[in-house]
Amino acid sequence: MAEARIKVTLVKSLIGRLESHKACARGLGLRRMHQTVEVIDTPENRGMINKISYLLKSEG
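Quantities reported herein were computed from a predicted structural model and do not represent experimental measurements. Within every chain, residues take consecutive numbers counted from 1 along the sequence as written. Where totals are concerned, whole chains, interfaces and linings use all residues; where local detail is concerned, this predicted model gives features only for residues with pLDDT of at least 70, and gives and counts side-chain atom pairs only at 80 or more. Remark: hydrogens and water are excluded; side-chain values derive from all non-hydrogen atoms of the structure.

Draft legend 1. Seen up close, the overall build of the protein chain. Secondary structure assignment for the protein chain yields 2 helices and 3 strands. Counting from the amino terminus, helix and strand elements in the protein chain follow one another as β-α-β-α-β. The C-alpha radius of gyration of the protein chain comes to 11 Å, within 12% of the 10 Å expected for a compact globule of 60 residues. Along the three orthogonal principal directions, the C-alpha set of the protein chain runs to about 40 × 20 × 15 Å. Counting the 60 residues in the protein chain, one finds 32% classified as buried. For the protein chain, contacts bridging at least 24 residues in sequence account for 73% of all contacts bridging at least 6. Per-residue accessibility takes into account occlusion by the displayed protein chains alone, with areas from the Shrake-Rupley method and a 1.4 Å probe. Entry remark: accessible area of the protein chain is about 4,100 Å², with carbon and sulfur atoms responsible for 52%. Strands here mean DSSP runs of E at least two residues long; helices mean DSSP runs of H or I at least four residues long; both are numbered from the N terminus. Note on method: radius of gyration uses C-alpha positions; expected globular size equals 2.2 Å times residues raised to 0.38. When accessible area is computed with a 1.4 Å probe and restricted to protein chains, residues below 20% of their type maximum are described as buried, those above 50% as exposed, and intermediate ones as partly exposed. In what follows, residue pairs with any heavy atoms lying within 4.5 Å of each other are defined as contacts.

Structure, rendered in C-alpha cells:
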C-alpha cells in the first residue's frame, strides 16, 4: 500500500522569520515562495507543518 502524502505550498516569505521556522521550511523541502512539494504524512512532517502553518497552504 502506498504511503499517504501531503501537498505543501509556501505562500509567505521566510524573510525575518525565526531560524527554527526557516529550518522547518527547509526540512520540508521548501526553498522559495509558491513552491509546492509533496511530503510523506509522518508525525515528524506533521509537526513541522503545524509549526509553520501560518506560512503554508497544505492539502491532502
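Draft legend 2. Expanded view of the sheet that holds strand β3 (residues 56-59). The pairing criterion for strands is at least two bridges between them, as found by DSSP. The strand order across the open sheet formed by 3 strands is β2-β1-β3, and the pairing between neighbours is antiparallel. The open sheet has two free edges, formed respectively by β2 (36-40) and β3, since each of these has just one partner strand. Averaged over all neighbouring strand pairs, the angle between strand axes comes to 30°, with direction disregarded. Both strand β1 (residues 5-10) and β2 contribute to a ladder of 5 bridges, which runs antiparallel. Bridge assignment links Ile6 to a residue of β2, and that residue is Val39. In this analysis an axis means a line fitted to C-alpha atoms, helices contributing only their contacting stretch, and an angle means the value between N-to-C directions, from 0 to 180 degrees.

Worth remembering: the numbers are spatial, not functional.
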